[in-house]
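Next come the chains, spelled out residue by residue.
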Amino acid sequence: MERFALTESCTLVVREGDLTRVDVDAIVNAANERMLGGGGVDGAIHRAAGPRLVEACRAVPEVRPGVRCPTGEARITAGFDLAARHVIHTVGPVYESARTSAPLLRSAYERSLTLAGDHRLSSVAFPAISCGVFGYPLEEAAPLSLGACRDHAGSLREIHFVLFGEPAFRAWSTAAKEIL
Ligand code: AR6
């Protein structure tokens, strides 16, 4: 585990581990636009939160058929059986290129942080959004995510990145040392 001063009032925690076990105000889910579960961290969060989570997701209004959370946006629900009080569901882009995908990934982080601020949360934990099934390169995603967090930390006191596996941990740790 490594700690960095992200802003004057917000600490960045970078660590390897399982996001579903983290005790923070909100964990962020790398979801899809339907918001009814899936594989990867999304599946793990739904399993750990219990069946009430999918019911809460189903209650989120569709903005168009089959879409509850468009790519680059975020929605919030309770955390149910998780240690975390809330789940912020966001949808990162399927990676196409640095130029076309970066604004959408940045937006997913920004909108998640804004929602946390709106709910007066003080700690949130992110996974490496889009870096699994959606194919975003870790070395591109890490500095982008940390820049978004530094610019939109608002009144948050702690932002955690809980990374699955050594390559993801190393990418975030390296980017934090370069940027912060
Ligand atoms: N804790 C922390 N990180 C995890 C965990 C965990 N328990 N499980 C996986 N990861 P992915 P995406 C890491 O594929 O690329 C789903 O089906 C994983 O190693 O979960 O945004 C959704 O429903 C990787 O580094 O999300 C969407 O359809 C990172 O989390 C789609 O996948 C993100 O990998 C979203 O794809």
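Right above here is the structure, for reference.
Residues numbered from 1 in each chain as written. Predicted model: local features only at pLDDT ≥ 70, side-chain atom pairs only at ≥ 80, totals over all residues. Heavy atoms only, no water.

Participant: Please explain helix H3 (residues 98-118) as it appears in this structure.
Facilitator: Each turn of an α-helix holds 3.6 residues, which means side chains three or four residues apart point in the same direction. Its 21 residues place the ends of H3 30 Å apart at the C-alpha level, agreeing with the 30 Å of an ideal helix rising 1.5 Å per residue. Three or more residues of H3 are buried, namely Ser101, Leu105, Ser107, Ala108, Tyr109, Ser112, Leu113, Leu115 and Ala116. Remark: Arg120 follows H3 within two positions and exhibits a positive phi of approximately 55 degrees. (Helix = DSSP H or I, 4+ residues; strand = E, 2+ residues; numbered from the N terminus. Expected span 1.5 Å × (residues − 1). Buried < 20%, exposed > 50% of the residue type's maximum accessible area, 1.4 Å probe, protein only.)

Participant: For this particular structure, what's the right way to read the state of the cysteines?
Facilitator: As used here, a disulfide is simply a covalent bond connecting the sulfur atoms of two cysteines. Scanning the model with the defined rule gives 0 disulfides in all. The structure places no disulfide on Cys131, whose sulfur is separated from the nearest cysteine sulfur, that of Cys149, by 13 Å. Cys149 forms no disulfide, and the closest cysteine sulfur to it belongs to Cys10, at a distance of 7.9 Å. (Disulfide = S-S within 2.5 Å.)

Participant: Explain helix H5 (residues 166-179) here, please?
Facilitator: Between its first and last C-alpha atoms H5 spans 20 Å; for 14 residues at 1.5 Å apiece the expected length is 20 Å, and the two agree. Buried within H5 are the following residues: Ala168, Phe169, Ala171, Trp172, Ser173, Ala175 and Ala176. At its buried positions, H5 is contacted by strand E1 (2-5), strand E2 (11-16), H3, helix H4 (138-151) and strand E7 (158-163). (Contact = heavy atoms within 4.5 Å.)

These figures come from the coordinates and say nothing about function on their own.
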